[in-house]
2 protein chains.
Amino acid sequence: MSENNHTVWHNGYLTMGKRNRLNQHDSGVIWFTGLSASGKSTIAHLIEKRLFNDGIRAYVFDGDNIRHGLNSNLGFSTEDRKENIRRIVEVAKLFVDAGVIVLTAFITPLKEQREFIRDRFKGIKFIEVYVKCCIQECLKRDPKGLYKKAQEEIISNYTGISSPYDIPENPNLVIDTEKLSIEESVSAVLDYIGETDFLGLKKYHTLKT
Amino acid sequence: MSENNHTVWHNGYLTMGKRNRLNQHDSGVIWFTGLSASGKSTIAHLIEKRLFNDGIRAYVFDGDNIRHGLNSNLGFSTEDRKENIRRIVEVAKLFVDAGVIVLTAFITPLKEQREFIRDRFKGIKFIEVYVKCCIQECLKRDPKGLYKKAQEEIISNYTGISSPYDIPENPNLVIDTEKLSIEESVSAVLDYIGETDFLGLKKYHTLKT
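Residues numbered from 1 in each chain as written. Chains lettered and ligands numbered in written order. Predicted model: local features only at pLDDT ≥ 70, side-chain atom pairs only at ≥ 80, totals over all residues. Heavy atoms only, no water.

Points about the overall build of chain A
Scanning chain A from N- to C-terminus turns up 10 helices and five strands. Within chain A, residue pairs in contact and separated by at least 24 positions form 76% of the contacts whose partners lie at least 6 positions apart. Here chain A has roughly 9,700 Å² of accessible surface; of this, 51% comes from carbon and sulfur atoms. Put simply, chain A has 29 plus and 28 minus side-chain charges, and the middle of one group is 4 Å from the middle of the other. (Helix = DSSP H or I, 4+ residues; strand = E, 2+ residues; numbered from the N terminus. Contact = heavy atoms within 4.5 Å. Areas by Shrake-Rupley, 256 points an atom, 1.4 Å probe, with all protein chains shown as cover. Lys, Arg positive; Asp, Glu negative; His and termini not counted. Charge placed at Lys NZ, Arg CZ, Asp CG, Glu CD.)

This is how it looks when you write it as structure tokens:
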């Protein structure tokens with residue numbers, strides 16, 4: 001196994017494009033941003049399921065699988081929140097390279113963070129979805145009782161209570177979960193995906209025929 | 001969107017098993033360990049390609065895509081090497097959950113690291129492949145000139161020179177790249193995968209017929 005041999009063999013490795021062709025759809029990122037309890041994770045998981053039923057490889061990153069695993073050694077300091085997002089972005093890039101549609105469900109409260117994210121995905125299909133819901137409604141929903149704890153100052157730096165959420169200025173899509181049901185929210189995202197041919201299905205269909 | 005609604009909709013989400021059925025193969029980890037220049041990455045990439053040609057979703061993690069992205073903020077201290085491996089393991093778990101065969105090409109020099117890894121993949125299909133090649137031969141190959149730099153002490157803590165490599169005691173497979181050509185090495189791993197039905201193909205074939 002000479003050095004030259006190494007070099008020769010390294011040519012022709014797999015690319016995202018080849019993986020996309022195997023899957024018959026493009027890969028990319030759908031980044032959901034919004035307050036806790038706005039509905040990000042629920043919507044993302046339902047879209048994942050709907051896509052899966054159509055044979056589309058999709059995968060949700062959310063607090064459940066990221067905060068308990070890869071980012072279990074990070075807290076909620078400014079520094080740690082930055083590193084949290086950085087790692088998520090890097091893993092998402094690997095998934096996209098592997099041919100998967102990544103759906104992320106993280107609050108991503110700061111304009112600065114979202115600009116960093118968009119910048120890191122340059123050259124990759126990317127949609128920012130703002131899951132809109134006012135803080136009063138989120139407080140009412142409070143499925144995990146965390147807003148209550150934040151109000152009682154048991155939890156500090158909680159987005160919407162003791163930490164800011166910058167309203168997205170130019171999201172690709174706004175889903176208002178105070179006005180839309182879950183079903184309607186999911187359909188709105190899927191409609192957008194379809195209208196923009198985010199999955200590149202037309203291309204693969206053309207190739208087939 | 002009531003709290004109850006949230007709970008209801010969270011049921012029935014996708015599982016690894018469902019993704020495996022879509023792909024028609026199991027997911028799991030093939031962890032290559034061995035000295036730098038032993039041939040880990042070359043072999044892993046060729047297996048990835050061979051599997052891909054058979055419609056198997058596989059993905060290589062190596063220094064190129066991990067050290068420059070997710071783990072770009074880690075150095076080579078004991079602490080950082082530990083964190084390097086921990087993150088790779090966590091990302092591999094996400095890929096396996098997403099239905100992908102993960103092939104890792106990292107030196108993984110310490111017995112302790114490899115025990116940690118095996119333990120973290122309990123309940124997941126896992127193979128440890130020791131890519132065997134003596135240090136003298138690796139020094140001769142030295143495709144990136146790093147051994148030379150390590151000998152000249154320009155690089156410190158280099159595995160095999162100034163940092164230990166614990167010979168694996170119970171690898172699932174040993175690939176001796178001093179005796180086998182690249183082609184033979186790749187075939188040996190693929191044969192092992194086939195013989196042990198690592199991809200679970202028999203199961204899916206049975207389901208089909």
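A few points about the state of the cysteines
All names here are of chain A. Within this structure, the stated rule accounts for zero disulfides over all chains. The thiol of C133 is unpaired, and the distance to the nearest cysteine sulfur, on C138, comes to 3.7 Å. Overall, the relative accessible area of 5% leaves C133 in the buried class. (Disulfide = S-S within 2.5 Å. Buried < 20%, exposed > 50% of the residue type's maximum accessible area, 1.4 Å probe, protein only.)

Some remarks on the relation of the copies chain A and chain B
Note on the copies: chain A fits chain B at an RMSD of 0.0 Å, the axial shift is 0.0 Å, and the rotation between them is 180°. On the angle and the small slide along the axis, the relation comes out as a two-fold axis. For chain A, the smallest separation between a C-alpha atom and the rotation axis is recorded for V91 of chain A, amounting to 3.5 Å. Here 98% of the contact residues of chain A are again contact residues in chain B; the copies associate through an equivalent surface. (Least-squares fit on C-alpha atoms with pLDDT ≥ 70 in both.)

Looking at the packing of helix α5 (residues 78-97) of chain A against helix α5 (residues 78-97) of chain B
Packed helices, taken two at a time, are described by the angle between their axes plus the distance between the axes. Direction vectors running N to C along α5 of chain A and α5 of chain B enclose 50°, while the axes themselves pass 11 Å from each other. Judged by the angle between their axes, α5 of chain A and α5 of chain B are oblique. In this structure, the crossing between α5 of chain A and α5 of chain B has a hand that is right-handed. Two secondary-structure elements touch here, α5 of chain A through E83, R86, R87, V91, L94 and F95 of chain A and α5 of chain B through E83, R86, R87, V91, L94 and F95 of chain B. Partitioned by chemical class, the residues of the contact of α5 of chain A with α5 of chain B number six nonpolar, no polar and six charged. (Axes fitted to C-alpha atoms, helices over the stretch in contact; angles between N-to-C directions. Parallel < 35°, antiparallel > 145°, perpendicular 65-115°, else oblique. Left-handed = near helix turned anticlockwise from the far one by under 90°. Nonpolar A, V, L, I, M, F, W, Y, C, P; charged D, E, K, R; others polar.)

Here's the deal with the sheet that holds strand β3 (residues 101-105) of chain A
Residue and element names in this part refer to chain A. Ordered by their spatial adjacency, five strands build an open sheet running β2-β3-β1-β4-β5, and the pairing between neighbours is parallel. Where the open sheet ends on each side, the last strands, each with one partner, are β2 (58-62) and β5 (173-176). Strand after strand, the sheet turns through a mean of 20° between neighbouring axes, direction not considered. In terms of strand pairing, strand β1 (residues 28-33) meets strand β4 (residues 125-132) through six bridges, oriented parallel. Bridge assignment links W31 to a residue of β4, and that residue is E128. Sitting on the sheet, helix α6 (residues 111-120) touches β1 and β4, and the angle it makes with β4 is about 155°. (Pairing = 2+ DSSP bridges.)

Remarks on the nonpolar core
W31, F61 and F95 of chain A together with W31, F61 and F95 of chain B are the most contacted members of the largest nonpolar core, which has 42 residues in total. Within the residue set of this core, elements represented by two or more residues are β1, β2, α4 (63-70) and α5 of chain A together with β1 (28-33), β2 (58-62), α4 (63-70) and α5 of chain B. In this view, F95 of chain B contacts L94, F95 and A98 of chain A together with Y59, F61, V100 and V102 of chain B; residues no more than four positions away in its chain are not counted. (Core = buried A, V, L, I, M, F, W, Y, C linked by side-chain atoms within 4.5 Å.)

Regarding the pairing of β1 of chain B
Residues and elements named next belong to chain B. Here β1 lies mainly inside the structure; six of its six residues are buried. Going residue by residue along β1, you find G28, I30 and F32 tucked away on one face and V29, W31 and T33 tucked away on the opposite face as well. Both β1 and strand β3 (residues 101-105) contribute to a ladder of five bridges, which runs parallel. Along β3, the bridge assignment pairs I30 with L103.

Here we look at the pattern of salt bridges
Counting across every chain of the model gives 29 salt bridges over all chains. Across the pair R19 of chain A and E48 of chain B runs a salt bridge, and its minimum N-O distance is 2.5 Å. One end of the pair, R19 of chain A, is in helix α2 (residues 16-23); the other, E48 of chain B, is in helix α3 (residues 40-53), on a second chain. E48 of chain B gets classed as buried once you look at its relative accessible area, which sits at 4%. Across the pair K203 of chain A and D26 of chain A runs a salt bridge whose closest N-O atoms are separated by 3.0 Å. In this pair, K203 of chain A sits in helix α10 (residues 201-208) while D26 of chain A sits in the loop between α2 and β1, placing the two residues 177 residues apart along the sequence. (Salt bridge = Lys/Arg side-chain N within 4 Å of Asp/Glu carboxyl O.)

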